[in-house]
Each structure stands twice: as C-alpha cells, then as structure tokens.
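One-letter residues, chain by chain:
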Amino acid sequence: MTEVDTLPPNTADPGTTAALSVDGLWKVFGPRADKVIGTPDAELPRPELLKKTGCVAAVKEVSFDVAPGEVFVVMGLSGSGKSTLVRCLTRLIEPTAGTVTIDGHDITNASDAQLRDLRRHHVSMVFQHFGLLPHRQVIDNVAYGLEIRGVSKAERRKKAGEIVDLVGLTGNEQSYPDQLSGGMQQRVGLARALAGDPSLLLFDEPFSALDPLIRRDMQNEVIRLQEDLQKTMVFITHDLQEALKLGDRILIMRDGAIVQVGTPADVVANPADDYVRDFVSDVPRSHVLTLRYVMREPRPDDSSEGPIMSPDTIVRQAARAALASDHVVRVVDNGELVGIVDDDAILRIVVAEESVSP
Amino acid sequence: MSSIATVRPKTHDTGALATLRARWRLVSLLAVVAMWVLVWAFTRGEQTLAIQASDRTDIHGWFLARTTAIENADNVVTSLLAALSSGMDATLLFLQHLFTVPEYPRPYPQIGWLGALAIASLAAYAVAGWRQVLVVAPSFLLFGLLGYYEDAMDLLIVTGVAVAVALLIGIPLGIWMGHSKIVAAVVTPVLDVMQTMPSFVYLLPFSILFGIGPAVAALVTLVYAMPPSVRVTAYAVRGVSTTTLEATDSLGQNRWQRLRHVELPMAKRTIIVGVNQTTMAALAMATIAAYVDGPGLGQPVLEGLRRGQLGKSFVAGLAIVIMAIMLDRTTTAASTRSDRVARGDRDTGRVRTVALVAGTVVTLAAVYLSNSYTWANQFPEGVNIGDPISTKVDDLADWLRSDLSAITTGVQETFTLYFLNPVQDLVANSPWFVAGLAILAIAWIVGGVRALGAAAVCLAGIYWLDLWNNAMITLTAVLVATVVVMILGLAVGVWMGRSQVVDRSVRPVLDAAQTMPPFVYLIPVLVLFDANRFTAMVAGIIYAAPVAIKLIADGVSGVSATTVEAAESAGSSRLQMITKVQLPMARGSILLAANQGLLYVLSMVVIGGMVGAGALGFDIVYGFRQANFAGKGLAAGITIVLIGIMLDRITTYGARRAQSPGRATVRRKRLSLSRAET
C-alpha cells in the first residue's frame, strides 16, 4: 500500500493550505460501530467483521489532501465505500471517526447551523440519480440553493439564468425535469451545484446513469468548466477511463481502504499491488504515461542533437517526433537534462500495447 | 414448521419435500376438522356457554357499573370531554343554521339550496376542475329531487366537519410518523386495531362517553375516519425519493425548508389519496351514526328499516350513493389535478383566474338570492321523484315477496339448511373448550406460532366476556359468508386476472361498489329477503365481494408474464395454467383477499344486528335500546373486536408465510442486511 502522507511532489505543494483535508476517516455501519475502531477487529476482512460484530466498515482509516483547484478522483468498484466517503465529507452520512477540514474549517465538529452554512456557501454536490425536484421548473431547481439561503426571487432567478446558460441549458428554463433527457437532467444537477458559487464541488458518480456518448459530452463539459472556473473537485467514479481523463490525482479504494494515491501516469506505471495492476491492465499506456516514466538516466555518450521535450509530455504525443529523429530524445526539466528516451523505450510502450489490446 | 426447514441442510430441501410440507398443512387442517366433528358428535350441546338474550352475567354488570360511573363522573377528563362535545355542537349548529335549520325569527335557513349548490360547484371547480362541477351540481339537484335536500346537507356538514378535523390531526401525525421510526412503531398497532374494528362497534362507547346527538356523530366519525389519512400520509412522506432529499440536504436546507419545499410537494398527490379514503370512511360512519341520533341521510334509512318502509330507505340510500359517488369523484380528481398544478398548468392559468372570479360573483349572487327569496331557499316540492320511486320499490318488494317468494325462500332455506346450520351446529354447539382448541389448532397451522398466540389471547378475552356462544354464532356467519365471498372472488378474480377486457369492464363496477357505505347494502337485500340472519350475510357477501375479487384479480394478473409464457410453451392446458401456475403464485393475494373478506363481512354481519342477524350484533343493538344492557352491549362490542383481531392476525401471518416460501432464512438475511444499512 502506498504511503498516503507522502504526496507526489509535483501536485500538492506543502506550502499551500489544502482545500480539503481528510484525516483518519472511518465509517462503520452497525450496532456500537464506534467500539470497533482501534480494536483488532477493525483489521478483519468485511465478511468476518460482519459475522463477528454485525458491523460493516464502509470507510477504513482514509486520509488524503486535495489542493485548491485540483480535480481529485476517488475510484473503486461498487461496495468499495467511495460513495460513503464522499457523503462523509459534508456529513450527509455522519463519520464514525476522523476529521474532515474544508478551507481550514473543521467539519466534523461543526454545529448544525455551521454545517448548513458550509453546505450553502462552500460545498456543493452532484448526484448519480440527479435528485431534482420534479414539481419545479429547471430554473427553480437551479435556484433552490439560493432560495433556501434567503436570496430574493429576482436576484436568484437572474443568477440561476446565468448558470443555466453556462451549462448549456439555454431555452430549457421553463421545462420540468421529466421533460428532459438524462444528460440534460444532469446538467440541471450540475447547474444547481454551481449556482451557490461553491469553492469545492463533489461529484458522486454523476455520469454513471448516462449512455456512453452523453457521458463523454458531460466529461468534456466538466473539463471545460474546470478550465473556466478553477474549482476544487472531488469526483467519484467506478470508471477507470473517466478517472484517468478527469483526474489530476486518483485515489483507488478497495473494501473501504485506500489502495493507492497518485497521478494517472503514476497509477498506470507503478500499480501498488495486483489489484490495481489488474485494473489498469487494459489501459492504453501510451495515452497516459509521460516521458518521465519511460526515460533512462543520461549517459555521456548520448547524442545531444535529438529533440528536447518536457518530462510531462505524453508518450503518444512524443512518439512520432521521437521515432522520426535519428537521435535520442533529451528530456529537459527547468533547463536541466533529467533523462533520455530512445526509440526502444517508445516502442516498448506502443508495441506492448498493440499485443495486449484486442 | 418453518424452523424445521431452516435446520435441515439446504441441499436436502428439494421441490418434492416442499410439496410434501405444503400438503402436510392441508392434511393436518383436515385432520383437525375431522377430530372436531368426531368429538362434537359425542359432546354436542354440552357446555356451550349459551346465555339467553335477556341474561346478563357479573362481567356485564361490571361493565354497566363502569359506564354508569363514567356517565356520572365529574372530573377533569369528563369536563374536557364535555367541552369537546359542546364545542363540536356549536360548530355543527352554526353550519346547520347556515344551511338547514331555520334560526328564529327567520322561517328559513340563511343559505338555501341555490346558494349551497353554487358554493359546492365553485369549491369543486377550485379543487378538482370544471368537469367535477358536472358531477357536483346535478348531485345537489338530485338530493332535492329525491326529497332529501336537508338530510343530505346535514350529512355533508357532519362529514365535512369530521373530515376537516380528522385531517388537521391526521396529516401532521402522519408526517411525524413518516419521520420517526419510534412514533411509527407506537402508532401503527393502534391504527391496525382501529381499522379492524367494524364501524358499528365504535358507536356504543362513544354514546357512553358523549351521549347522543350531532356532536357525538361528528366525533365518532372523525375518529373512525382518521386512520387512513395518518397511514397514507406517513407512507407518502417515507416514499419521497431519498436521492432528492440527500441532494437538497447537501444544499444546506433546514428541516422546515425540507418539509415545505421538498417533502410536502412530492408527497402531495399520495396525501390527497389519503384524503379520499378518509372522506369515504367518514361518509360511511356518518351514515351509521344515525344510530346515535346523528343528523343526515342515515335517519330516513334507519326509520324506513325500523318501520318496514323499504321504499323510504331505498330513496334515502340512493341519495347516499349519489353523495358517495360525488365525494369520491371530486377527491380523486383533486388528487390527479394536484399533479397538473405542480407541473404548472400554465395554459389554463389565466382562464382559471377569470373563471374563479366570475364563479365567485355568481356564487355570491346565488347566496344572496337564496337568502332573500323562498324559491331559491326551499327546494320546490312540486318536482319530486323520490315519492314515486319509493312507491315503486314498495310495490316491487311486495311482488317479490308474494309472487317470487318460492324462489327467494327456496334459496334462503337451502342455504340455511345445508350449509349455515350444520356449520353453526358444529362451531356453536361444541363444548367451548373443544371449539376453542380446534380454532387454536387451525390458527397454528395457517399462521404459525404468532397466529396461535394472538388467537389464544383473543379467545381468552372472548371467554372472559361471557359471550362465548354468541361469539361462535357470529363467527360462523362470518366464516360461511366469507367462503361464499372467496368462491365469488376466485371465479370472477381469475376471470378478470386472465383477461384485460373483462378487467376493464368489471373493475369500474367494483370501484363504485366499494365507495358505498355498508349501511346502504342492507336495503336492496331486505327488498328480496325478510329480516333475518340470512339477509345480513347476503349483504355482507355483496359488501365484501368487490375487495376480494380485486385482490385476487391483481394477484393473478401480477404473475410474471415470463412464467406464464414458460408454462404455456411447456404445453399447459388452461386449467393446468390456472391451478398449477397462476393460483399458487397468487396465493399471497388470495389469503389477503380472505383477510379483507373476513373483516368486511364481520362489519356487515354486525350491522345486520338491526335486521335480525341475532348474536353479537343484536347484543349491541339491544345495548342501545335498553340502558340496563349497555354493559352487555359493550362486552359484545369488545368481543367483536377480538374476533376481528383474531381473524386478521391468523390470515395476515398466513399470507406473509405464503408470500415467501423460503421465509425463515430469507428473513434472517434481510434482518442482518437492514441492520448493516442503518
């Protein structure tokens, strides 16, 4: 298991405060759940724990930090505890132990009023099954968050109208949710979350209920919005492709515990265990890995006439130029030569892929 | 039996064994009955605990002493009840002065028929849409034409006030119950008992507490009518999508905002279904409340029954049926309309505002006219269709009884001689402990240990109340009538369940039949047969058949289409399909139909006490008439409730078992799961 505390240096700068910080979070369902934590029972596999204590540990000792503006993806199969985890962040589900800190505020000890304030102003969530109000028009669904914090009708409708335009729902303001397709409904869900101008957005498998083409559109929508708005996002998914596409970093969960945290390339290049390796085995590595993961140490006899590239260049993008040149590629970071990529290294990735992919 | 099934290793639990176990239940049932008959043959007539109608025992005396004590008591509770009663009286009198009872020195009430018609039409338009005006306005005209305008208005007033108060208490209670598992756990059993109690049983205790008159009629009506609104509201609130609740919670709403903006709007439609049920229950009770001198259409029905003027009862009953249809249609339409309103029926928005304003103006004018002019106040007497109908019905009854009596008495005597009498002989003429043991054995076989426990408690209570023999006679009537109900239910239900065409044509008739108050059912049956126990049973059968038929039809049509298709492709004949696939798979619904059939028949058999049904029904009626017998009447009421609870528990547990064959293991798994989820 990868150490959680030592974050990869390129993403979380220790100098800045984290937008979200989770420390030692536990959620145990069942009778006398709090008594399980700290005992040897807590280490038992799920079926044995259930048999012995009647409890289910949905989230086990999870800790991580999310930097401002980062898209942090939590990935796992169903039952891995990821949806419970994201609900614990704003205490839609009450955590059993551990602390959650958002923008420096301790959530876990907040009063009901403080919690409501946090939910109204700082954190919003998008849900898998949308959770729209069927008796309200799109515009009033979007404005609902503003309405409950007491914004006047004219003002909240104006603000909601802007957000409706932003998510591409222009012209559907007066529709009712059941008149819209699934993808459109999720746009309403997204707009509702954005309307309160939160700094942190939580997504709970938002696109799992949509068909593949719509899902791709919506993923691109999220990427576009992220470029425009620079929100911090925690994104739950069971879809590895989605995780790799959206995530700055990915947390992989299994049976409630963290298996690995890292950048997409990190996870694909250095799987923490067989579970993750199995997971990422189908991923087209050339689409994810960067030169950092394929370069070797420079040697004195290396040619210095080849193309210069950044270590964050994706292999697939580098391949054509690298193979076309007679010389090896020099990987330069901040003006300093950090490694060499030769044709063999490129071909190992690309060809290996050809033989694995169907 | 279920415990054996779980102990045995799973691999041995094959289909053959399961069939054997199912057979075992049937075999043991037959064995119990055979034993019973055998013992009865030697002990017949001994220790039956029969008492004369004019006999009272110590326990009845004890009840009488308690009732007298309550009537004469003077403490906080009684003064509170008195205040309640006088408050209700004042409300009713105010409304009656408006619509039905002239207030000196005025010779006529403040608002006459024209004003009332206009107000009702406007209200119907406002809550249910313009189509309902076409139901409500003619209904009001018909009340007048039938000659029962005042009685109809009185019934509406009592029903309306009772429904208003019942909803005022019931809906908040239902919301609370929907939110709190503890409240639900406390309230649900109370509602269960309240809904098992036949309406007639409510009357005696209420008349002891509050005397007789309009106030007690409204109070008993509101108590009787409240349970559906509580139950349905709780169900509606619990049914609100958890995703939506979670999503809106995540926006930081407080509890009040959650209730007002999310839960109530989303539960509204279902809650109005509860309003419909409450209204129909209230109408049924308000009619029977004629027994405690409640005003309204129940009065002429009862008077006609007492004097043998069936025509009069029939016409008043007709007015009740019209009112039932009117109220049912309007509240149902209000429910579907609430959906359209929630979806912002913008097209009709402006039209509606204009129509409402215009309607209000017209209504005010009509109210003014009916206040000032006799023709608009008193319904014109010249146009009366009630009297001719009444005469025709009386003639028809005479004709049926003289010329057709061969057939009607033939049916009646055959049924009584070959079916009713032998069963009654067995159940009521066995020694009490033999009958009791047999019932316990049957309860255990059908419903398992929990049914056995419930039956034991109920039978002990019946024994203690000293009305064992009468209880057995009533029980016989209920069982025999329910057998007929189930035969009808299976025949028509299977027919409906197998054919959509049949379903579509029969169902509306059943729906209409179910909206009618039970009181009304007695009248046409009385036209055919004289007043005796057979009449009450026939009325009970007609009253209970619709619900049983519908449940069985739903069960049969609910059998998965894939299973039917598979059985068909295996070459099943029609009979095989029905007996081997559809009925076995619908057995949960069939037991539920038996459950409802028993309770419906029971409530009717009790009302039948007033038309010569005898036994417990008579004891209650007699308790009303003779103050000295109030104690016995009360004991009879409790006995009926105990019979109802016993039958309900046995069939409910039986139905629950039938619905999940692998029951014990499945239940245990579910339990552990639900524990993990909370």
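Residues numbered from 1 in each chain as written. Chains lettered and ligands numbered in written order. Predicted model: local features only at pLDDT ≥ 70, side-chain atom pairs only at ≥ 80, totals over all residues. Heavy atoms only, no water.

Considering the overall build of chain A
Item 1. Looking only at helices and strands, one finds 13 helices and 13 strands in chain A.
Item 2. Taking 21 Å as the expected radius of gyration for a compact globule of 358 residues, we find that chain A reaches 23 Å, a close match to that expectation.
Item 3. Considering only C-alpha atoms, chain A reaches an extent of 70 × 55 × 45 Å along its principal axes.
Item 4. For chain A, the residues scored as buried account for 53% of the 358 residues in total.
Item 5. Of the contacts formed within chain A by residues at least 6 apart in sequence, a portion of 66% connects residues at least 24 apart. (Helix = DSSP H or I, 4+ residues; strand = E, 2+ residues; numbered from the N terminus. Rg over C-alpha atoms; globule rule 2.2 N^0.38 Å. Buried < 20%, exposed > 50% of the residue type's maximum accessible area, 1.4 Å probe, protein only. Contact = heavy atoms within 4.5 Å.)

Focus: the domain arrangement of chain B
Buried accessible area, meaning the area lost when the parts come together, often serves as the stated size of an interface.
Residue and element names in this part refer to chain B.
Item 1. For chain B, the assigned domains are domain 1 (73-99 + 151-296), domain 2 (103-148 + 318-385) and domain 3 (404-667).
Item 2. For domain 1 and domain 3, the distance between their C-alpha centres works out to 27 Å.
Item 3. Counting residues at the interface gives 19 residues for domain 1 and 23 residues for domain 3.
Item 4. Taking both partners together, domain 1 and domain 3 bury about 1,800 Å²; carbon and sulfur atoms supply 87% of that area.
Item 5. Looking at the side of domain 1 facing domain 3, the largest losses of area belong to Phe200, Leu204 and Tyr291, adding up to 35% of the total buried there.
Item 6. Summed over the shared surface of domain 1 and domain 3, the result is zero residue pairs in polar contact (both at pLDDT 80 or more).
Item 7. By residue number, the principal contributor to the side of domain 1 that touches domain 3 is helix H9 (residues 199-210), which donates eight residues.
Item 8. Tallied by class, residues from the side of domain 1 that touches domain 3 come to 15 nonpolar, four polar and no charged. (Domains from an automatic or database assignment. Buried area = accessible area lost by both parts, 1.4 Å probe. Polar contact = N/O pair within 3.5 Å; in protein donor to acceptor, adjacent residues only side chain to side chain. Nonpolar A, V, L, I, M, F, W, Y, C, P; charged D, E, K, R; others polar.)

Quick look at the interface of chain A and chain B
Item 1. Between chain A and chain B, the residue contacts involve 30 residues of the former and 24 residues of the latter.
Item 2. Contact between chain A and chain B buries roughly 2,400 Å² in total, counting both sides, with carbon and sulfur atoms accounting for 57%.
Item 3. Area buried by chain A at its contact with chain B is led by A:His135, A:Tyr144 and A:Ile148, which between them contribute 22% of it.
Item 4. Where chain A packs against chain B, one counts one salt bridge.
Item 5. Here A:Arg87 and B:Glu246 are joined by a salt bridge, their closest N and O atoms 2.4 Å apart.
Item 6. Summed over the shared surface of chain A and chain B, the number is nine residue pairs in polar contact (both at pLDDT 80 or more).
Item 7. By residue number, the principal contributor to the side of chain A that touches chain B is helix H4 (residues 138-148) of chain A, which donates four residues. (Salt bridge = Lys/Arg side-chain N within 4 Å of Asp/Glu carboxyl O.)

Observations regarding helix H22 (residues 518-528) of chain B
Item 1. Across the eleven residues that make up H22(B), a large majority, nine, are buried.
Item 2. Along H22(B), the residues classified as buried are B:Pro518, B:Phe519, B:Val520, B:Tyr521, B:Leu522, B:Ile523, B:Val525, B:Leu526 and B:Val527.

Focus: the environment of B:Gly252
Item 1. Of note, B:Gly252 is situated in the loop between helix H11 (242-249) and helix H12 (255-288).
Item 2. The exposure class assigned to B:Gly252 is buried, which follows from its relative accessible area of 0%.
Item 3. Spatially, the C-alpha atom of B:Gly252 lies 65 Å from that of B:Trp432, the residues being 180 residues apart in sequence.
Item 4. When near neighbours in sequence (up to four residues on either side) are disregarded, B:Gly252 contacts A:Arg116, A:Arg119, A:Arg120, A:Ile148 and B:Gln257.

Considerations on the nonpolar core
In summary, soluble globular proteins display a tendency toward joint burial of nonpolar side chains.
Item 1. Among the nonpolar cores identified, the biggest contains 165 residues, and B:Phe140, B:Phe200, B:Met323 and B:Met610 are the most heavily contacted of them.
Item 2. The element contributing the most residues to this core is helix H19 (residues 432-464) of chain B, with 13 residues.
Item 3. Residues within four places of B:Phe200 in sequence aside, it is in contact with B:Ile288, B:Tyr291, B:Val606, B:Ile607, B:Met610, B:Ile620 and B:Val621.
Item 4. Membership of the second largest hydrophobic core comes to 63 residues, among which are A:Val126, A:Ile139, A:Ile163 and A:Val329. (Core = buried A, V, L, I, M, F, W, Y, C linked by side-chain atoms within 4.5 Å.)

Brief notes about the sheet that holds strand S2 (residues 56-66) of chain A
All names here are of chain A.
Item 1. The antiparallel open sheet is built from four strands, whose spatial order is S2-S1-S4-S5. Of all the strands in the sheet, the pair left with one neighbour each is S2 and strand S5 (105-106).
Item 2. Pairing of strand S1 (residues 20-29) with strand S4 (residues 97-102), which is carried by five bridges, proceeds in the antiparallel orientation. Bridge assignment links leucine 20 to a residue of S4, and that residue is isoleucine 102.
Item 3. Its contacts with the sheet place helix H2 (residues 82-89) against S1, S2 and S4, and it is angled at close to 120 degrees to S1. (Pairing = 2+ DSSP bridges. Axes fitted to C-alpha atoms, helices over the stretch in contact; angles between N-to-C directions.)

Quick look at the packing of aromatic side chains
Pairs of aromatic rings are described using the distance from one ring centre to the other and the angle between the two planes.
Residues and elements named next belong to chain B.
Item 1. On inspection of all chains with the given rule, the structure shows 20 aromatic pairs over all chains.
Item 2. With centroids separated by 5.5 Å and ring planes inclined at 90 degrees, the aromatic side chains of phenylalanine 415 and phenylalanine 419 adopt a geometry described as edge-to-face. Residue phenylalanine 415 and its partner phenylalanine 419 are located together in helix H18 (residues 405-428), separated by four residues, close to a single helical turn.
Item 3. Note on phenylalanine 419: relative accessible area 27%, which makes it partly exposed.
Item 4. Ring centres of tryptophan 432 and tryptophan 468 lie 6.0 Å apart, and the angle between their planes is 75 degrees; this geometry places the pair in the edge-to-face category. With tryptophan 432 in helix H19 and tryptophan 468 in helix H20 (residues 468-498), the pair connects residues that are 36 residues apart, well separated along the chain.
Item 5. Tryptophan 432 gets classed as partly exposed once you look at its relative accessible area, which sits at 24%.
Item 6. The exposure class of tryptophan 468 is buried, given its relative accessible area of 3%.
Item 7. Members of the aromatic cluster, each reached through a chain of ring pairs, are Trp432, Phe433, Tyr463 and Trp468. (Phe/Tyr/Trp six-rings, centres within 6.5 Å; stacked < 30°, edge-to-face > 60°.)

Thoughts on the state of the cysteines
Residue and element names in this part refer to chain A.
Item 1. Summed over all chains, the structure comprises zero disulfides over all chains.
Item 2. Cysteine 88 takes part in no disulfide bond, and the closest cysteine sulfur, belonging to cysteine 55, lies 15 Å away.
Item 3. By relative accessible area, which is 0% here, cysteine 88 ends up buried. (Disulfide = S-S within 2.5 Å.)

Some remarks on the side chain of A:Thr90
Residues and elements named next belong to chain A.
Item 1. Secondary-structure assignment places threonine 90 in the loop between H2 and S4.
Item 2. Residue class for threonine 90 comes out buried when judged on its relative accessible area of 3%.
Item 3. Every residue in contact with threonine 90, bar those within four places of it in the chain, is listed here: Leu115, Arg119, Val123 and Leu202.

Here we look at the packing of H11(B) against H12(B)
All names here are of chain B.
Item 1. Relative orientation of the contacting elements H11 and H12 amounts to 165 degrees, with a least axis distance of 11 Å. By the angle class used here, H11 and H12 are roughly antiparallel. H11 and H12 meet at a crossing whose hand is right-handed. Contact with H11, carried on its side by Thr244, Leu245, Thr248 and Asp249, involves Arg258, Val262, Glu263 and Met266 of H12 and no other residues of that element. (Parallel < 35°, antiparallel > 145°, perpendicular 65-115°, else oblique. Left-handed = near helix turned anticlockwise from the far one by under 90°.)

Topic: a nonpolar patch on the surface
Residues and elements named next belong to chain B.
Item 1. Residues Met35, Leu38, Val39 and Phe42 make up a contiguous nonpolar surface patch of roughly 440 Å² in combined accessible area.
Item 2. Secondary-structure assignment places leucine 38 in helix H2 (residues 15-43).
Item 3. Overall, the relative accessible area of 52% leaves leucine 38 in the exposed class. (Patch = residues over 30% accessible without salt bridge, like charges linked within 9 Å, V, L, I, M, F, W, Y side chains within 5 Å. Areas by Shrake-Rupley, 256 points an atom, 1.4 Å probe, with all protein chains shown as cover.)

A closer look at the confidence of the model for chain B
Residues and elements named next belong to chain B.
Item 1. Summarising the model, chain B shows a mean pLDDT of 84, and 92% of its residues fall at 70 or more.
Item 2. In the model of chain B, helix H29 (residues 663-677) stands out as the element of lowest mean pLDDT, 36, in contrast to helix H7 (residues 149-179), which has the highest, 95.
Item 3. For the stretch residues 1-13, pLDDT sits under 50, and the model shows 14 contacts to residues farther than four places along the chain or on other chains.
Item 4. Across residues 662-678 the pLDDT falls below 50, and counting only partners more than four positions away or on other chains, this stretch makes 16 contacts in the model.
Item 5. For this predicted complex, the interface score ipTM comes out at 0.78, alongside a pTM of 0.81. (pLDDT = per-residue confidence, 0-100.)

Let's talk about unusual backbone geometry
Residue and element names in this part refer to chain A.
Item 1. Positive phi, normally seen in glycine, also occurs at glutamate 61, with a value near 45 degrees.
Item 2. Topologically, glutamate 61 is positioned in strand S2.
Item 3. Under the relative-accessibility criterion, glutamate 61 is labelled exposed at 51%.

So, the confidence of the model for chain A
Residue and element names in this part refer to chain A.
Item 1. Of the residues in chain A, 94% reach a pLDDT of 70 or more, and the chain-wide mean stands at 84.
Item 2. Taken element by element, chain A is modelled with least confidence in helix H13 (residues 343-356), mean pLDDT 70, and with most confidence in strand S8 (residues 232-237), mean pLDDT 94.
Item 3. A low-confidence stretch, residues 1-15 stays under pLDDT 50, and its non-local contacts, those more than four residues away or across chains, total 16 contacts.

Let's talk about the pattern of salt bridges
Between side chains of opposite charge, pairing is possible as soon as their charged atoms come close.
Item 1. This model, assessed by the stated rule, comprises 29 salt bridges over all chains.
Item 2. Note that B:Asp249 is salt-bridged to B:Arg258, the shortest N-O span being 3.0 Å.
Item 3. Residue classification places B:Asp249 among the buried residues on the basis of a relative accessible area of 15%.
Item 4. Connected through shared salt-bridge partners, A:Arg187, A:Glu221, A:Arg224 and A:Asp228 make up one network.

Considering the sheet that holds strand S11 (residues 308-309) of chain A
Item 1. Taken in spatial order, the three strands of this open sheet run S11-S12-S13 (chain A), and their pairing is mixed. Two strands in the sheet have a free side with no partner beyond their single neighbour: S11 and strand S13 (336-341) of chain A.

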